Number of protein chains: 4
Amino acid sequence: MPQGAAMRAAGPRANGPRRRAEEIVEAAAAVFAEKGYHGASTQDVADRLGMRQASLYYYFRSKEAALEQVCLRDVGMMIERALEVANGDGGAVEKLSGIVRNHLLSLGERLAFVRCILRERRFLPKESRGRINRAMRRYERIVQAVIESGIASGALRRDLDARVTTLAVFGLCNAPVDWLGKEPGVTVEDIARSFVQLLLGGIAPGRAGR
Amino acid sequence: MPQGAAMRAAGPRANGPRRRAEEIVEAAAAVFAEKGYHGASTQDVADRLGMRQASLYYYFRSKEAALEQVCLRDVGMMIERALEVANGDGGAVEKLSGIVRNHLLSLGERLAFVRCILRERRFLPKESRGRINRAMRRYERIVQAVIESGIASGALRRDLDARVTTLAVFGLCNAPVDWLGKEPGVTVEDIARSFVQLLLGGIAPGRAGR
Amino acid sequence: MPQGAAMRAAGPRANGPRRRAEEIVEAAAAVFAEKGYHGASTQDVADRLGMRQASLYYYFRSKEAALEQVCLRDVGMMIERALEVANGDGGAVEKLSGIVRNHLLSLGERLAFVRCILRERRFLPKESRGRINRAMRRYERIVQAVIESGIASGALRRDLDARVTTLAVFGLCNAPVDWLGKEPGVTVEDIARSFVQLLLGGIAPGRAGR
Amino acid sequence: MPQGAAMRAAGPRANGPRRRAEEIVEAAAAVFAEKGYHGASTQDVADRLGMRQASLYYYFRSKEAALEQVCLRDVGMMIERALEVANGDGGAVEKLSGIVRNHLLSLGERLAFVRCILRERRFLPKESRGRINRAMRRYERIVQAVIESGIASGALRRDLDARVTTLAVFGLCNAPVDWLGKEPGVTVEDIARSFVQLLLGGIAPGRAGR
DNA sequence: GATGAATGAGCTTTCATTCAT
DNA sequence: GATGAATGAAAGCTCATTCAT
């Protein structure tokens, strides 16, 4: 368990000053992911940091503001990774494989954050929720563009509905959020390999003349 | 609150006494699905029924008990439907198609309930959460058994990992919980057709000799 | 001290149900008057009633709402009394005397309320503050109209500025809010008599030809 | 809050060190007058100075100490002005006019301070409140002495109650604290003239033989 | 069956204050 | 002189729950 132990600061101030805010965002992500935004208290977050609850408010205007930070933290990075792949060389199949693999890698590395983005962002107030949603739609559009161009070029099956396919890809790739780490013997790499295999070829054996 | 006059709805009343409890479960499902279990108050549930908040406690011992009822309501039905298909005639491909279609139909009909089962059951206390989890695992096992027999019989690709494939099927089929009704022009039927198509054949065109 | 002792309810429920809200308004008035709105806590109000603090919120949406009730409670009555006099018989001098006397009587009877109206209403949110201010201005206008008609008729000195005179009358009549009950041997009746005497004749002896 | 860059105002700084404390007293007076002592935060005071909140504590031991400074600041000056007039030449009528005029002038010049003295001093702890109260009573006694001697000499009406008259004079003279600056077209000079006129002659026309 | 009244526990947030630097 | 960081205490408010009626 890479998170349970040893995170109590040595005294007040042990890391750089900018770092403290990030520590809080990380603790908030972990706590919100575990208990849900509304099920978690700011005290829970403080406990995880060995901090007094009131001190959190030195760094964040409100609990909501902390959730917003959590949700914004990695969205940008995931989009950039996807964009790089989408703008790189290779056909639609290679691109999609790359995007899926990257997505699952991010998910494995930053599970708490992704959980918050997917499940807790809806509790944000309208405005900041809008900001996250726009980012997510940008991400979706990148993937959908790859799929559309694949369909057009014949790299993907011509009878696909691009929109539903995009939603399906995301649904599939986000699913591990619910069970990652709980399925013994299943690593992110396993999942990535299996999902790519499944997405591209399906679960039925090759259909020669279809 | 001393708010003088009445508010009794004319409609809902006049049904049997057993029916009232079900109305409450339905209201709770809707409210918990919309606001999250912890984000919803019992007052929210009462409001939706034109009832006083204290009256809910005539029907339910606690908020948690209501959530448990919500989560248990349809799980049984979904399992039965899956079992029927699994025990019926046809190969693994047909069975899987049938199960996916049924699942999506249930999801479309009882969206609020499924949302609660998927997202809110984790807030139940250990014991009742265990009960739901056991039901879900029974459901999964039915599907996994179909997949395993399909792999064994060659109806499905032999290089699949049955466990991950099962998780993938569920991940895919549960995904619409997040966007059903928000994607204009996409019906449950569309989704079912697309998902079956995708699951079985993947998104890349047929690969003759693999 | 007509308020210090014996107000603890015998059990829960001892007075009528509508009465409870009024008791709270009265307690709030007393507490806000004594400690200032921001210096008083809802706990202080609850303590004075032998009630739990949370129970206040069964009757009032917020601390601010309680202050609003306090401020609105007697304003209407004071205006009505003034209107009655203003619309009654008699010259401007008699009317003004009557209004001053009534005002001081109200002030003596409902000291805590008047203190809140005068000192604490400014802490209300814009909207409800506006409501109180409008009532106060209506009150002022009644008095100013009497003064203006008095000046016009010659019942009052012709060289007066009606506006400043009105403000002066109110300033004088509200002043006892700061010391009523603290000046030994000075009753409301004394004050009323003295103020009328002063207002009408001033403190210098009669000036025959001015 | 980790807010990187500077905010030091170019203007205020560069004065002597003693001056800074006075700036703070002035800012505190303005803020306390506007929001009330308990409604104002030390942050509000710091904001008004472009200062960090913690820095205030270099100059003042506590918020209360700042209020005490505010309340003491001008009381002495007002008393001295009153004493000068009281000990000067002229009859009671002239002296009273002078005192009233001076009081209103002070009030106009130092509105925030006077507001705090009148409305906020009651929130001081016993001891320092006592100090202010003693000063106020000294002030009152000076005025009351003038009134008493005026009554004795016949310069003022013989049927007056000296105590109530003193309270009335103060009540009247302090009233503008509530509306000064909000009554369009009314200057301190107007008020002074009107109040003297009113106090001495009342609002009814001269009564020759009373 | 249903509700008005009440409450204990807990929540987010604010704030005056301290202190090392 | 001034400040960033932290904190204890308390505030207003919400909420699930209880209970007499």
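Note that this is a predicted model, so its numbers are computed, not measured.

Trainee: Even after reading the chapter, I still don't get the relation of the copies chain B and chain A, so can you show me in this structure?
Mentor: The pair of chain copies shares a relation made of a rotation about an axis and a shift along it. With an RMSD of 0.1 Å, the operation that places chain B on chain A is a rotation of 180° combined with a shift of 0.0 Å along the axis. In the structure described here, the two chain copies are related by an operation that fits a two-fold rotation axis. Residue Gly202 of chain B, judged by its C-alpha, is the member of chain B lying nearest the rotation axis, at 1.8 Å. In this assembly the copies share their binding face: 100% of the residues contributing to the interface of chain B also contribute to that of chain A.

Trainee: When you look at the protein's contact with DNA strand F in this model, what are you seeing that I'm missing?
Mentor: Surveying the vicinity of DNA strand F reveals 36 residues, the closest of which are Ser55 and Tyr59 of chain A, Tyr57 of chain C together with Ser55 and Tyr59 of chain D. Across the atoms of DNA strand F situated within 4 Å of the protein, the share located in sugar and phosphate is 67%. At 2.7 Å from a phosphate oxygen of DNA strand F is found a side-chain nitrogen or oxygen belonging to Tyr57 of chain B. Between Ser55 of chain D and DNA strand F, the recorded distance is 2.5 Å, taken from a side-chain N or O atom to a phosphate oxygen. Of all the secondary structure elements, the ones that give two or more residues to the surface near DNA strand F are helix 1 (17-35) and helix 3 (56-59) of chain A, helix 3 (53-59) of chain C together with helix 3 (56-59) of chain D. The residue inventory of the surface near DNA strand F, partitioned by class, reads 18 nonpolar, 10 polar and 8 charged.

Trainee: Explanation requested: the packing of helix 6 (residues 92-109) of chain A against helix 9 (residues 162-174) of chain A in the structure shown.
Mentor: Pairs of packed helices are described in terms of their axes, by the angle between the two and the distance that separates them. Residues and elements named next belong to chain A. It is at 10 Å that the axes of helix 6 and helix 9 come closest, and there the two elements cross at 35°. Taken as a pair, helix 6 and helix 9 cross one another with a handedness that is right-handed. Counted together, Val100, His103, Leu104 and Leu107 of helix 6 and Val169, Phe170, Cys173 and Asn174 of helix 9 form the full contact between these two elements.

Trainee: Explain the interface of chain B and chain A here, please?
Mentor: How big an interface is tends to be expressed through the accessible area that disappears when the partners come together. Between chain B and chain A, the residue contacts involve 44 residues of the former and 44 residues of the latter. Considering only the side of chain B, the residues that lose the most area to chain A are Arg122, Arg157 and Ile203 of chain B, jointly responsible for 18% of the buried surface there. Arg122 of chain B is the partner of Glu120 of chain A in a salt bridge, and the nearest nitrogen-oxygen pair spans 3.2 Å. Inspection of the region where chain B meets chain A yields 21 residue pairs in polar contact (both at pLDDT 80 or more).

Trainee: Could you clarify how one ought to interpret the packing of aromatic side chains in this entry?
Mentor: In this description, an aromatic ring pair is defined by two values, namely the gap between the centres and the angle between the planes. For the structure on display, the rule yields 12 aromatic pairs over all chains. Taking 5.2 Å as the distance between ring centres and 85° as the angle between the ring planes, the aromatic pair formed by Tyr58 of chain A and Tyr59 of chain A counts as edge-to-face. The positively charged end of Lys63 of chain A is found above the aromatic ring belonging to Tyr37 of chain A, 4.4 Å away from the centroid. Over the aromatic face of Phe113 of chain C sits the side chain of Arg110 of chain C, whose NZ or CZ is 4.6 Å from the ring centroid.

Trainee: Explanation requested: the protein's contact with DNA strand E in the structure shown.
Mentor: Near DNA strand E you find 36 residues, and of these Gln53 and Tyr57 of chain A, Ser55 and Tyr59 of chain B together with Tyr59 of chain C are the closest. Taken together, the sugar and phosphate atoms account for 66% of what DNA strand E places within 4 Å of the protein. Within the side chain of Ser55 of chain C, one N or O atom sits 2.6 Å away from a phosphate oxygen of DNA strand E. At the level of elements, helix 3 (56-59) of chain B together with helix 1 (17-35) and helix 3 of chain C are the ones that each hand at least two residues to the surface near DNA strand E. Among the elements that make up the surface near DNA strand E, the one with the highest residue count is helix 3 of chain C (4 residues). Counted by class, the surface near DNA strand E contains 18 nonpolar, 10 polar and 8 charged residues.

Trainee: What is the right way to read the interface of chain C and chain D from this model?
Mentor: At the junction of the two partners, chain C supplies 44 residues and chain D supplies 44 residues. Across the interface of chain C and chain D, roughly 3,700 Å² is buried in total on both sides, 62% from carbon and sulfur atoms. Per-residue buried area on chain C facing chain D is highest for Arg122, Arg157 and Ile203 of chain C; these three make up 18% of the total on that side. Across the chain C-chain D interface, the total number found is 4 salt bridges.

Trainee: Just to check I follow, could you spell out empty space enclosed by the protein for this structure?
Mentor: One water molecule sets the probe size; rolling that probe over the atoms shows where empty space is left. Evaluation of the coordinates by the stated rule reveals 16 cavities of 30 Å³ or more. Quantified by volume, the largest cavity comes out at close to 130 Å³. Along its surface, the largest cavity is lined by 18 residues, and Glu120, Arg122 and Phe123 of chain A together with Glu120 and Phe123 of chain B are the ones closest to its centre. Those elements that place two or more of their residues in the lining of the largest cavity are helix 7 (111-120) of chain A together with helix 7 (111-120) of chain B. A per-class count over the lining of the largest cavity returns 4 nonpolar, 6 polar and 8 charged.

About the thresholds
- Residues numbered from 1 in each chain as written.
- Chains lettered and ligands numbered in written order.
- Predicted model: local features only at pLDDT ≥ 70, side-chain atom pairs only at ≥ 80, totals over all residues.
- Heavy atoms only, no water.
- Least-squares fit on C-alpha atoms with pLDDT ≥ 70 in both.
- Contact = heavy atoms within 4.5 Å.
- Near = heavy atom within 4 Å.
- Polar contact = N/O pair within 3.5 Å; in protein donor to acceptor, adjacent residues only side chain to side chain.
- Helix = DSSP H or I, 4+ residues; strand = E, 2+ residues; numbered from the N terminus.
- Nonpolar A, V, L, I, M, F, W, Y, C, P; charged D, E, K, R; others polar.
- Axes fitted to C-alpha atoms, helices over the stretch in contact; angles between N-to-C directions.
- Left-handed = near helix turned anticlockwise from the far one by under 90°.
- Buried area = accessible area lost by both parts, 1.4 Å probe.
- Salt bridge = Lys/Arg side-chain N within 4 Å of Asp/Glu carboxyl O.
- Phe/Tyr/Trp six-rings, centres within 6.5 Å; stacked < 30°, edge-to-face > 60°.
- Lys NZ or Arg CZ within 6 Å of the ring centre and 35° of its normal.
- 1 Å grid on protein atoms, 1.4 Å probe; cavity = no way out; pocket = protein on both sides within 12 Å on 5 of 7 lines; lining within 4 Å.
- Points joined across faces, edges and corners; volume = space filled by probe spheres on them.

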